[in-house]
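So the chains spell out like this:
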Amino acid sequence: MFTKIKQVIVVFCSGALLLAAAGCSGNADPAEPTNSAPTSTPTTASSPPTTSPSPTAKPTPKPIPASSKGPGKNWQVPKMPEAAKQKSEQGIKAFATYYYDLVEYTIQTNDTKPIKKITTRSCVECGEVFIDPFDNNKKAGSWIAGATFDVFDVVVTKTILQADHGIALYTTAQEEMTLYMSDGTLQGVFPAMPKPAPVMMQLHYERGWMVDSVEYLDEKS
């Protein structure tokens, strides 16, 4: 039987060549020669066409994870894979994994806008664990370092699709976290999960998947 565990996180010139053929016309009798010297038309050497240098693409700044020196920098919002947009069991699996990419992004940056777009207000756990702490951190100037939900740690074990609703069962692991205040003072250390935790996510499809609830479960014998 499954009972809910409360997890607390304080927290991707082509051109056309024109050929002109010159035609010759004249009388049958040859023209009489003249005494005047032939005139020559001076030719001017043509300069090679100048080409504009191609603009150099600016390299994408390397993401810097959050650390004791400050919150994460240059962190790009994860791009949702096409598979996660599908209303299918495979789509549910891809979406659940993608959701934790956004969780990691939120932890690193305190930016909750992307995850809010695919989370309903009815998901209490999402608000308490993945959203509200980081909105508060942003206001206070504090940040979390060390926590990651690596995609290899999110293991989807089962998905269910029923009309416009879906369920994903999976396990996830979390690394050690440290909380820093705005002045860089270490506020607290939160240990890593001793083992992967089982989770159930409920979703509905509305022009894309939306998370309705996330429950951490403890499997009892």
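Since we're looking at a predicted model, the values are computed, not measured.

## Brief notes about the state of the cysteines
Should the sulfur atoms of two cysteines be covalently bonded, the bond is a disulfide.
Stage number 1. Inspection of every chain in the model, using the stated rule, returns 1 disulfide.
Stage number 2. One disulfide bridge connects Cys 123 with Cys 126, the sulfur atoms lying 2.0 Å from each other. As the torsion about the S-S bond is roughly 65°, the Cys 123-Cys 126 disulfide counts as right-handed.
Stage number 3. Given the relative accessible area of 0%, Cys 126 is considered buried.

## Focus on the confidence of the model for the protein chain
Stage number 1. Averaged over every residue, the pLDDT of the protein chain is 79; residues scoring 70 or more account for 70%.
Stage number 2. For the protein chain, the element scoring lowest by mean pLDDT is strand S1 (residues 2-4), at 38; helix H2 (residues 113-116) scores highest, at 98.
Stage number 3. Counting interchain partners and residues more than four positions distant, the pLDDT-below-50 stretch residues 1-38 has 45 contacts.

## Quick notes on helix H1 (residues 89-109)
Residue pairs three or four apart in sequence face the same way in an α-helix, which turns once every 3.6 residues.
Stage number 1. Counted at 1.5 Å a residue, the expected span for H1 with its 21 residues is 30 Å, and the 31 Å between its end C-alpha atoms agrees.
Stage number 2. Burial runs high along H1: 15 of the 21 residues are buried.
Stage number 3. Looking one or two residues past H1, Asn 110 carries a phi angle of roughly 65°, positive in sign.

## Focus: the environment of Met 210
Stage number 1. Mapped onto the elements of the fold, Met 210 is located in strand S8 (residues 209-219).
Stage number 2. Between the C-alpha atom of Met 210 and that of Cys 123, which follows or precedes it by 87 residues, the distance is 10.0 Å.
Stage number 3. Apart from the residues within four sequence positions on either side, Met 210 is in contact with Lys 117, Ile 118, Thr 119, Thr 120, Gln 202, Leu 203 and His 204.

What counts, and where the lines are drawn
- Residues numbered from 1 in each chain as written.
- Predicted model: local features only at pLDDT ≥ 70, side-chain atom pairs only at ≥ 80, totals over all residues.
- Heavy atoms only, no water.
- Disulfide = S-S within 2.5 Å.
- Buried < 20%, exposed > 50% of the residue type's maximum accessible area, 1.4 Å probe, protein only.
- pLDDT = per-residue confidence, 0-100.
- Helix = DSSP H or I, 4+ residues; strand = E, 2+ residues; numbered from the N terminus.
- Contact = heavy atoms within 4.5 Å.
- Expected span 1.5 Å × (residues − 1).

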